[in-house]
Amino acid sequence: MAYIIKTASDGLIYLKASYVLNVKKPNSLEGAKVLGQPLVINVNHIVFLSFNVEGHVTYFMANGFEISMKILYEEAEEAFSCAKANVEKVIR
């Protein structure tokens, strides 16, 4: 996998599993972490981007998930903007 975070033209964000700190719902990420597959995030389900209580960059999802990541806020924001605009781009 030659990317850490990238967007697709269909509004998806792909995030390398090793850069995901946690997902705040039980047993939701275990399969992706074990298999080493990227976490696929639909940009239309992201409510907002901010920092969680531990200070990590986090996508807050409409379904209650919080996806915390080991990337810069600017990278997460750029991925959100590109995915929302349906632009395919490798951020990092």
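Residues numbered from 1 in each chain as written. Predicted model: local features only at pLDDT ≥ 70, side-chain atom pairs only at ≥ 80, totals over all residues. Heavy atoms only, no water.

Description of the sheet that holds strand β7 (residues 66-69)
Item 1. What the four strands build is an open sheet, ordered β3-β7-β6-β5; its pairing is antiparallel. The two strands at the open ends of the sheet, each matched to only one other strand, are β3 (20-23) and β5 (46-51). Taking the axes of each pair of neighbouring strands and ignoring which way they run, one obtains an average angle of 20° across the sheet.
Item 2. Most of the contacts of helix α2 (residues 73-84) go to β5, to which it runs at about 165°, and overall it touches β5, β6 (57-61) and β7. (Pairing = 2+ DSSP bridges. Helix = DSSP H or I, 4+ residues; strand = E, 2+ residues; numbered from the N terminus. Axes fitted to C-alpha atoms, helices over the stretch in contact; angles between N-to-C directions. Contact = heavy atoms within 4.5 Å.)

Looking at unusual backbone geometry
Item 1. The backbone of N86 shows a phi angle near 60°, a positive value even though the residue is not glycine.
Item 2. Of note, N86 is situated in the loop between α2 and β8 (89-90).

Digging into the side chain of S68
Item 1. Here S68 shows up in strand β7.
Item 2. Leaving out residues up to four positions away in the same chain, S68 has contacts with Y19, V20, L21, N22, N52, H56, V57 and T58.

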